[in-house]
Amino acid sequence: MLHLILFGPPGAGKGTQAQLLGTQFGLIHISTGDLLRSELANRTELGLEAKRFMDRGELVPDETVISMIMNRIHQMSETGGVIYDGFPRTIPQAEALDRILKSEHEKISALISLEVPHNELVKRLMLRGETSGRSDDRNISVIENRIKVYQEKTKPLIDYYNQQQKYHTVDGTGTIEQISQRLTNLVKKIKNQN
Ligand code: AMP
């Protein structure tokens, strides 16, 4: 089974591209951001607790996110695989994911990082804020904090996966179709080697 991590800062286009890849390659799309927003929409205790972090552009505690992902992976039936979007975001999350997958006799196939310059990210997020209904996309200081949190806590994952020779990059600029084509070419290669 393929287990792909779509990686990159907020605004890199992970959600859009993960959805497209999911459909194309028959992968389940797991977005921890979407799972958290759905908990919040249902006003669960977990969702209300997570909101405090999300509103400030901080990461939700590892234990919360890891237990949420464990439930989701254990529910996973026979599929072509999984595309992870917005997870893992810290080293403890990456280690937990490796443990969970190992217990299912699975492993991460690759991490694909979408590369987008900083000023383009801010522009995209502000634009998305006009239609997404996400309060964390509307406030410039929250946006800047999310990018800072990415640099400090999430970027170190590049080393973690690079050491395992699983790190790949894709140019995340251009049209949705252009980016999607680049990703498709790479995923086909990864699939053949898997
Ligand atoms: P996203 O939709 O991926 O941009 O996530 C929105 C917000 O949800 C983030 O700014 C975090 O507050 C929270 N979040 C999503 N995924 C994670 C994760 N893997 N670890 C911690 N917090 C997360």
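Reference entry: report on the structure contained in this document.

About the cut-offs
Residues numbered from 1 in each chain as written. Predicted model: local features only at pLDDT ≥ 70, side-chain atom pairs only at ≥ 80, totals over all residues. Heavy atoms only, no water. Near = heavy atom within 4 Å. Polar contact = N/O pair within 3.5 Å; in protein donor to acceptor, adjacent residues only side chain to side chain. Areas by Shrake-Rupley, 256 points an atom, 1.4 Å probe, with all protein chains shown as cover. Helix = DSSP H or I, 4+ residues; strand = E, 2+ residues; numbered from the N terminus. Nonpolar A, V, L, I, M, F, W, Y, C, P; charged D, E, K, R; others polar. Salt bridge = Lys/Arg side-chain N within 4 Å of Asp/Glu carboxyl O. Buried < 20%, exposed > 50% of the residue type's maximum accessible area, 1.4 Å probe, protein only. Core = buried A, V, L, I, M, F, W, Y, C linked by side-chain atoms within 4.5 Å. Contact = heavy atoms within 4.5 Å. Expected span 1.5 Å × (residues − 1). Arc of directions from axis to C-beta.

**A short note on the site of the ligand**
Taken together, 16 residues sit near the ligand, with Thr32, Arg37, Glu58, Arg89 and Gln93 positioned nearest. Residue Gly86 places a main-chain N or O atom 2.9 Å away from a nitrogen atom belonging to the ligand. Burial of the ligand by the protein chains amounts to 96% of its free accessible area of 480 Å². No other element matches the four residues that helix α2 (residues 32–41) contributes to the shell around the ligand. Looking at side-chain class alone, the shell around the ligand contains six nonpolar, four polar and six charged residues.

**Examining the pattern of salt bridges**
For the coordinates displayed, the defined rule picks out eleven salt bridges. Residue Asp34 is joined to Arg37 by a salt bridge in which the shortest nitrogen-to-oxygen separation is 2.9 Å. Of this pair, Asp34 and Arg37 both sit in helix α2, three residues apart, which is roughly one turn of that helix. Asp34 sits in the partly exposed class, given a relative accessible area of 41%.

**Digging into the nonpolar core**
Core analysis: the biggest nonpolar cluster contains 28 residues, and Ile73, Tyr84 and Tyr161 have the highest contact counts within it. Counting only elements with at least two residues in this core, the list comes to β1 (2–7), β2 (28–31), α3 (45–54), α4 (62–74), β3 (81–85), α5 (91–103) and α8 (157–162). In contact with Tyr161, not counting residues within four places along its chain, are Ile5, Pro88, Ala94, Ile108, Leu111, Lys166 and Tyr167. In this structure, Leu121, Ile143, Ile147 and Val187 belong to the second largest nonpolar core, which totals 24 residues.

**Observations concerning helix α6 (residues 118–129)**
A rise of 1.5 Å per residue sets the reference length of α6, with its twelve residues, at 16 Å; its end C-alpha atoms lie 17 Å apart and thus fit the reference within 8%. Within α6 the residues assigned to the buried category are Leu121, Val122, Leu125 and Gly129. One side of α6 carries all its buried residues, which in axial view fall inside an arc of 95 degrees. For α6, the exposed residues set more than 90 degrees away from the buried face come down to Asn119, Lys123 and Leu127. For α6, the elements touching its buried residues are α7 (140–154).

**A short note on unusual backbone geometry**
For the bond running from Phe87 to Pro88, omega is -5 degrees, close enough to zero to count as cis. Here Pro88 is to be found in the loop between β3 and α5. For Arg43, which is not a glycine, the phi torsion comes out positive at approximately 50 degrees. Take Arg43: it is sitting in the loop between α2 and α3. Its identity as a non-glycine residue notwithstanding, Gln165 has a phi of 55 degrees, on the positive side.

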